[in-house]
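Descriptive analysis of the structure
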Amino acid sequence: QAPPAAEGERPSAAELVEAFDGSVARTRVSPFYQVGLVLVTVMMILLPLAYLALIAATIYGVYAYATHFVFLLHSVRGGARLYLVKLVLYFTPLFAGTVLVFFMVKPLFARRAPRAQPLAMNPALEPTLYAFIARICDLVGAPMPRRIDLVCDLNAAAGFRRGAASLLGNDLVLTIGLPLVAGLSLQQFAGIIAHEFGHFAQGFGMRLSYIIRRINGWFVRLVYERDAWDLWLEELGMEGQDAGTLIVVNFARLGVGASRLVLKLLMLLAHAVSCFLLRQMEYDADSYAIKVAGSGAMEAATRRMAELGEALGRSYKEMRTTWNLSRRLPEDFPAYLVVQHAKLPPVFCQRMQDRLGLARTGLFDTHPSDGDRIRRARQDGDAGVFHLELPASVLFSHFDIVSKQVTHLHYAEDLGLAFDAANLRPVEGVAAPPQEI
């Protein structure tokens, strides 16, 4: 990590734009790849339709059972006990089928969990950042985002601002994780941003991949999401004393388990048919990162991101300990992450980097492995068009202030911590001394 830039070293917006000393050729996508993308998208759309057909079939099955076995209610021959058995035989599958239909339909209307509100940037306050982003968009042939948001993730993402409502236009939002800015050089960060907007350079492919990713995510929610209804059914089964109640509940749970098994199979099928093309889109976006920042910077960013990921896990672990013991929090989480990264023992980092180069992409991975990305960057051998070796934080007029603001939002909204100014400490006062591994 480059040291913080002095005020005199901070480039102006015009100087930053002039530092891009070339043009970027568009990455060509073969017609076979485009046809394959269309076919996979059609396949992904058919899978939710198959799920809807499964719901319709289940509803029909419940209806058919209710009408064909209604004779159980019409005969009282054999006495009250036998009639009670007939009632159980009739209503138990009927109840279980109704519950099954409910739990199959419920995810279609389930709302997403609330997300923390990011910090939206003002173009007038950060002209250097906006000029930098605009120049990269121009180079890769992508539209300029209408909004730039800041979060406290070790990630960056460009996407449709209003989801599917923006699918037919160029209404984009760029989300920047400030830990990424704190941990990377300006050249490395330029490659990351070029990667994100490289997805939108192939507008047709990006829109199809958006549909694919949303359907994949939708299936994951159907399979793994649990809400109050799921917990209620589970608690009823654990606390129920009456034998009839236990029979009904277990039938319902069996039906729910069976539906989730079918959904899981659909999810795995969707994942299997889409992962190869999604990896190709990542390689396509990587090509823009390489053309802008160069192969060396792309490899360096990949390696740095792996180390920062390790430091991120340690940061949260140590921060949780200091919060539980003394109610202390670092006032600037991105700076705290950089300190944790600096504390990683060199031997440990070397072992990590050695393993990184051996990593291979799995058959069902949606993203290439770090090792394969590094190998692809070396094969391209591109010098890039941007070579400024400054901290990425020079893009912000007052990075420390913005970083603290995002940190406070992260604690309050992402982590749900009840804190005030008295709980916040300078990074040096919270970080523990290095530990041997």
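Counting restarts for each chain: residues are numbered from 1 in the order of the written sequence. Totals for whole chains, interfaces and linings use every residue, but because this is a predicted model, local features are given only for residues with pLDDT of at least 70 and side-chain atom pairs only at 80 or more, for both listing and counting. Processing note: side-chain calculations cover all non-hydrogen atoms of the structure and skip hydrogens and water entirely.

Strands here mean DSSP runs of E at least two residues long; helices mean DSSP runs of H or I at least four residues long; both are numbered from the N terminus. Each helix and strand counted, the protein chain has 15 helices and six strands in total. Going through the 437 residues of the protein chain one by one, you find that 47% of them count as buried. Contact criterion: two residues are considered in contact whenever any of their non-hydrogen atoms come within 4.5 Å of each other. By sequence separation, contacts in the protein chain at least 24 residues apart represent 82% of the contacts at least 6 residues apart. The Shrake-Rupley method, run with a 1.4 Å probe sphere, supplies the accessible areas, and residue values consider only the shown protein chains as cover. On the protein chain, roughly 22300 Å² of surface is accessible, and the fraction owed to carbon and sulfur atoms is 62%. Under the scheme applied here, a residue whose accessible area is under 20% of the maximum for its type counts as buried, over 50% as exposed, and between as partly exposed, the area being computed with a 1.4 Å probe on protein chains only.

Bringing the nonpolar core into the picture now. Residues Phe 132, Ile 133, Phe 189, Phe 197 and Phe 396 are the most contacted members of the largest nonpolar core, which totals 74 residues. Here this core gets nine residues from one element, more than from any other, and that element is helix H6 (residues 186–201). Setting aside chain neighbours within four positions, we find Phe 189 in contact with Phe 132, Ile 176, Leu 180, Val 181, Leu 184, Ala 392 and Leu 395. Here, nonpolar core means buried Ala, Val, Leu, Ile, Met, Phe, Trp, Tyr and Cys residues that are tied together by side-chain atoms lying within 4.5 Å of each other. With 23 residues, the next largest nonpolar core counts Met 44, Met 104, Ile 212 and Met 267 among its residues.

So, about unusual backbone geometry. For residues that are not glycine, phi is negative in most cases, and the peptide bond is trans in most cases. With phi around 55°, Arg 327 is a residue other than glycine that occupies positive phi space. Along the chain, Arg 327 falls in the loop between helix H10 (295–326) and strand E5 (329–330).

On the surface, Val 38, Val 42, Ile 45, Leu 46, Leu 49, Leu 52, Leu 108, Phe 109 and Phe 204 cluster together to form a nonpolar patch covering roughly 820 Å² of accessible area. Here the nonpolar patch gets six residues from one element, more than from any other, and that element is helix H2 (residues 31–68). A residue counts toward a patch only above 30% relative accessible area and without a salt bridge, and it is joined to like-charged neighbours within 9 Å or, for Val, Leu, Ile, Met, Phe, Trp and Tyr, to nonpolar neighbours within 5 Å. Think of a salt bridge as a Lys or Arg side-chain nitrogen and an Asp or Glu carboxyl oxygen that are within 4 Å of each other.

Taking 1.5 Å of rise per residue, 14 residues should cover 20 Å, and helix H4 (residues 127–140) covers 20 Å from first to last C-alpha, within 8% of that figure. Counted residue by residue, H4 has ten buried out of 14 residues, so it is predominantly covered. Just downstream of H4, Gly 141 is the residue with a positive phi angle, here 80°. Expected helix span is computed as 1.5 Å times (number of residues minus one).

Note on placement: Gln 202 falls in the loop between H6 and helix H7 (203–224). Sequence-wise, Gln 202 and Gly 141 are 61 residues apart; in three dimensions their C-alpha atoms are separated by 8.8 Å. When residues no more than four places from it in sequence are discounted, the contact partners of Gln 202 are Arg 26, Thr 27, Val 29, Asp 284 and Tyr 288.

Note on geometry: axes are C-alpha line fits, over the in-contact stretch for helices, and angles between N-to-C directions span 0 to 180 degrees. Axis separation between H2 and H7 bottoms out at 10 Å; the angle between their running directions is 30°. With respect to each other, H2 and H7 are oriented roughly parallel. Both H2 and H7 take part in a crossing whose hand is left-handed. Here Leu 37, Val 38, Val 40, Thr 41, Met 44, Ile 45, Leu 47, Pro 48 and Tyr 51 of H2 come into contact with H7, specifically with Phe 204, Gly 205, Leu 208, Ile 211, Ile 212, Ile 215, Asn 216, Trp 218, Phe 219 and Leu 222. In this classification, the charged set is Asp, Glu, Lys and Arg, the nonpolar set is Ala, Val, Leu, Ile, Met, Phe, Trp, Tyr, Cys and Pro, and all remaining amino acids, among them Gly, are polar. Residue composition of the contact of H2 with H7, by class: 16 nonpolar, three polar and no charged. Here the angle decides the label: under 35 degrees means roughly parallel, over 145 means roughly antiparallel, 65 to 115 means roughly perpendicular, and every other value means oblique. Crossings are assigned a handedness: left-handed for a near helix turned anticlockwise from the far helix by less than a right angle, right-handed for a clockwise turn.

So, about the environment of His 195. With respect to the helices and strands, His 195 occurs in helix H6. Remark: the alpha-carbon pair of His 195 and Ala 157, spanning 38 residues in sequence, is separated by 9.2 Å. His 195 has contacts with Glu 282, Ala 285, Asp 286, Ala 289 and Arg 373, leaving out every residue within four places of it along the chain.

Pairing of aromatic side chains here covers Phe, Tyr and the six-membered ring of Trp, requires ring centres within 6.5 Å, and sorts the geometry by plane angle: under 30 degrees stacked, over 60 edge-to-face, intermediate tilted. Counted under the stated rule, the structure contains 17 aromatic pairs. The interplanar angle of 10° and the centroid separation of 6.3 Å between the aromatic rings of Phe 132 and Phe 189 together place this pair among those described as stacked. You can see Phe 132 sitting in helix H4 and its partner Phe 189 sitting in helix H6, a full 57 residues away along the chain. Here Phe 132 and Phe 189 have matching classes, each one buried. Through a chain of ring-to-ring contacts, three or more aromatic side chains come together here, namely Tyr 65, Phe 69, Phe 71, Tyr 90 and Phe 91. Charge-over-ring contacts are defined here by two conditions on Lys NZ or Arg CZ: a distance within 6 Å of the ring centre and an angle within 35 degrees of the ring normal. Note that Arg 314 overlies the ring of Phe 348, its terminal NZ or CZ placed 4.8 Å from the centroid.

Taken together, four strands build an open sheet; the order of strands is E1-E2-E4-E3 and the sheet is mixed. Sheet topology places strand E1 (119–120) and strand E3 (156–160) at the edges, where each strand pairs with a single neighbour. Pairing between strands is defined by DSSP: at least two bridges between them are needed. Pairing between E3 and strand E4 (residues 172–177): five bridges, direction antiparallel. Across the sheet, Ala 156 pairs through a bridge with Ile 176, a residue of E4.

Next up on the list: the confidence of the model for the protein chain. Should pLDDT be low for a region, the predicted coordinates there are not to be read in detail. Each residue carries a pLDDT score, the predictor's confidence in it, ranging from 0 to 100. This prediction gives the protein chain a mean pLDDT of 85; 88% of its residues lie at or above 70. The element-level mean pLDDT for the protein chain is lowest in helix H8 (residues 228–239), coming to 65, with helix H5 (residues 178–183) highest at 96.

This part covers the side chain of Thr 322. Mapping Thr 322 onto the fold places it in helix H10. Excluding residues that lie within four positions of it along the chain, Thr 322 makes contacts with Arg 327, Arg 328 and Val 430.

This next bit is on the side chain of Ser 287. With respect to the helices and strands, Ser 287 occurs in helix H9 (residues 243–293). Residue classification places Ser 287 among the buried positions, given a relative accessible area of 11%. Residues adjacent in sequence count toward polar contacts only when both atoms are side-chain atoms; beyond that, a polar contact is any pair of N or O atoms within 3.5 Å, and within protein one must be able to donate a hydrogen and the other to accept it. In terms of polar contacts, Ser 287 uses its side chain to reach the side chain of Thr 27, at 2.7 Å.

Structural remark: α-helix, 3.6 residues per turn; residues separated by three or four positions point the same way. Those residues of helix H11 (residues 333–342) not exposed but buried are Phe 333, Pro 334, Tyr 336, Leu 337, Gln 340 and His 341. The buried residues of H11 all sit within an arc of 155° when viewed along its axis, so they share a single face. Residues of H11 that are buried sit in contact with H5, H10, E5, helix H14 (399–414) and helix H15 (427–430). Its side-chain oxygen placed 3.3 Å from the backbone nitrogen of Ala 335, Asp 332 serves as the N-cap of H11. Picture the helix axis, draw a direction to every C-beta atom, and the arc is the one those directions span.

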